[in-house]
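Here is how the chains run, residue by residue.
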Amino acid sequence: MTDITRKTALITGAGSGIGRALALCLTQEGAARVILTDVNREGLEETADQVRNAGGTAETFLLDVSDKDGVYDFAETVAREFGGADIVINNAGVAQVANVDELTYDDFEWVMNIDFWGMVYGTKAFLPQLQQKGAGHIVNVSSLFGIIAAPRQAAYNSAKFAIRGFTEALAHEMRETAIRVSSVHPGGIKTNIVRNARFLQSTSAGERQEAASNFDKIARTSPAKAAEIIVQGIKKDRRRILIGMDARLIDLIQRLFPSRYGFIFKKGLLGPAD
Ligand SMILES: NC(=O)c1ccc[n+]([C@@H]2O[C@H](COP(=O)([O-])OP(=O)(O)OC[C@H]3O[C@@H](n4cnc5c(N)ncnc54)[C@H](O)[C@@H]3O)[C@@H](O)[C@H]2O)c1
């Protein structure tokens, strides 16, 4: 069991969506403080205000998770000013929509640098603090798309599958320690992820808006519910945290049809069928 009360929890990508909801949920669970980071200052301060209004303590830092040196400097600051983190949630992420033959290396690297390398830096920079304390919890946010691959999601799939591989390897390595490791796999969560996504340059503003509206229709789980499930998973030391009926159903379909699950896209189980 991971006890959250009086702990210091750090969340990347805390200026919106799941990260913001996690900050509030951890506060309600009695965390001593939440350390919030994002590249979006406005979003970050809004989250901090909500935490403080809920009676919690929030510290904010502008941090680009894809900046390796920046993440290591930040880890030193957290060690010096707050005695290190107890719970580290690598949540920051971006999405990209393009077929492989159209996907540019620039966009591919953008996704990998933030989603994958950001998670690696966040884990490796903070792991020594947890090891020094002899306990703690690392939570890496993958996706349902770290379990199944989807058309036009090759970059995102690559990052999210890699997060799962990295996180599961770390969990095995930490088995004999008091450091717990969780891999999080949300289905559709109603956040800004699609609004913040990169599309092909040829995609019009109207098409982007339509993609965001379609996502809002199929994303049934609220960020607050997602955060509650993640926090319960942290408390119960769950290695894999699936979020939403969609994620649980599609995880089952993947197990039953490991190489033939692609029919779910035709049936529109993940949104409007092509
Ligand atoms: N929303 C979903 O349906 C869904 C499903 C599966 C997985 N996820 C994952 O959940 C996580 C949170 O996403 P969300 O849905 O809350 O989206 P969101 O867009 O609402 O929030 C993501 C946050 O990450 C921040 N961010 C982006 N680039 C960053 C960088 N370089 N450094 C630091 N912060 C950065 C953004 O500013 C934003 O505040 C992501 O890892 C995402 O891939 C989301």
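Predicted model, so just to flag it, every value in this text is computed and none were measured.

Engineer: Quick question: what am I supposed to make of the site of the ligand here?
Structural biologist: If you check the shell around the ligand, you find 30 residues, and the closest are Ser 16, Asp 38, Asn 91, Tyr 156 and Thr 191. Interatomic distance of 2.5 Å between a side-chain N/O atom of Tyr 156 and an oxygen atom of the ligand. For the ligand, the accessible surface in isolation is 830 Å², of which the surrounding protein chains cover 95%. Its residues assigned to classes, the shell around the ligand shows 13 nonpolar, 14 polar and three charged.

Engineer: Is there a simple way to explain the side chain of Thr 77 in this structure?
Structural biologist: As for its position among the elements, Thr 77 is in helix α3 (residues 68-82). Among residues more than four places away in sequence, those in contact with Thr 77 are Phe 61 and Phe 82.

Engineer: So what exactly am I meant to see when it comes to the UniProt feature "domain: Ketoreductase" (unreviewed entry) in the chain here?
Structural biologist: Mapped onto this numbering, the UniProt entry annotates "domain: Ketoreductase" (unreviewed entry) at residues 7-192. The straight-line gap between the two end C-alpha atoms of residues 7-192 is 28 Å; of that span, 48% is helix and 18% is strand.

Engineer: Looking at this structure, I do not really get the side chain of Asp 107. What am I missing?
Structural biologist: Its location among the elements puts Asp 107 in helix α4 (residues 105-133). By relative accessible area, Asp 107 is classed as buried at 10%. Setting aside chain neighbours within four positions, we find Asp 107 in contact with Gln 96, Arg 198 and Phe 199.

Engineer: How should the pairing of strand β1 (residues 8-12) be read in this particular structure?
Structural biologist: Remember that side chains alternate between the two faces of the sheet whenever the strand is regular. Burial analysis of β1 places five of its five residues in the buried class, the great majority of the element. By the alternation rule, side chains of β1 split into Thr 8, Leu 10 and Thr 12 and Ala 9 and Ile 11, which are all buried. In terms of strand pairing, β1 meets strand β2 (residues 33-38) through five bridges, oriented parallel. Each bridged residue has a counterpart across the sheet, and for Thr 12 the counterpart in β2 is Thr 37. Considered for its hand, the β-α-β crossover made up of β1, helix α1 (residues 17-28) and β2 is right-handed. The sheet contact formed by β1 and strand β4 (residues 87-90) spans three bridges and is parallel. What sits directly across from Ala 9, in β4, is Ile 87.

About the thresholds
- Residues numbered from 1 in each chain as written.
- Predicted model: local features only at pLDDT ≥ 70, side-chain atom pairs only at ≥ 80, totals over all residues.
- Heavy atoms only, no water.
- Near = heavy atom within 4 Å.
- Polar contact = N/O pair within 3.5 Å; in protein donor to acceptor, adjacent residues only side chain to side chain.
- Areas by Shrake-Rupley, 256 points an atom, 1.4 Å probe, with all protein chains shown as cover.
- Nonpolar A, V, L, I, M, F, W, Y, C, P; charged D, E, K, R; others polar.
- Helix = DSSP H or I, 4+ residues; strand = E, 2+ residues; numbered from the N terminus.
- Contact = heavy atoms within 4.5 Å.
- UniProt positions renumbered as here; feature names shortened; annotations may be inferred.
- Buried < 20%, exposed > 50% of the residue type's maximum accessible area, 1.4 Å probe, protein only.
- Pairing = 2+ DSSP bridges.
- Right-handed = clockwise from strand over helix to strand, strands pointing away.

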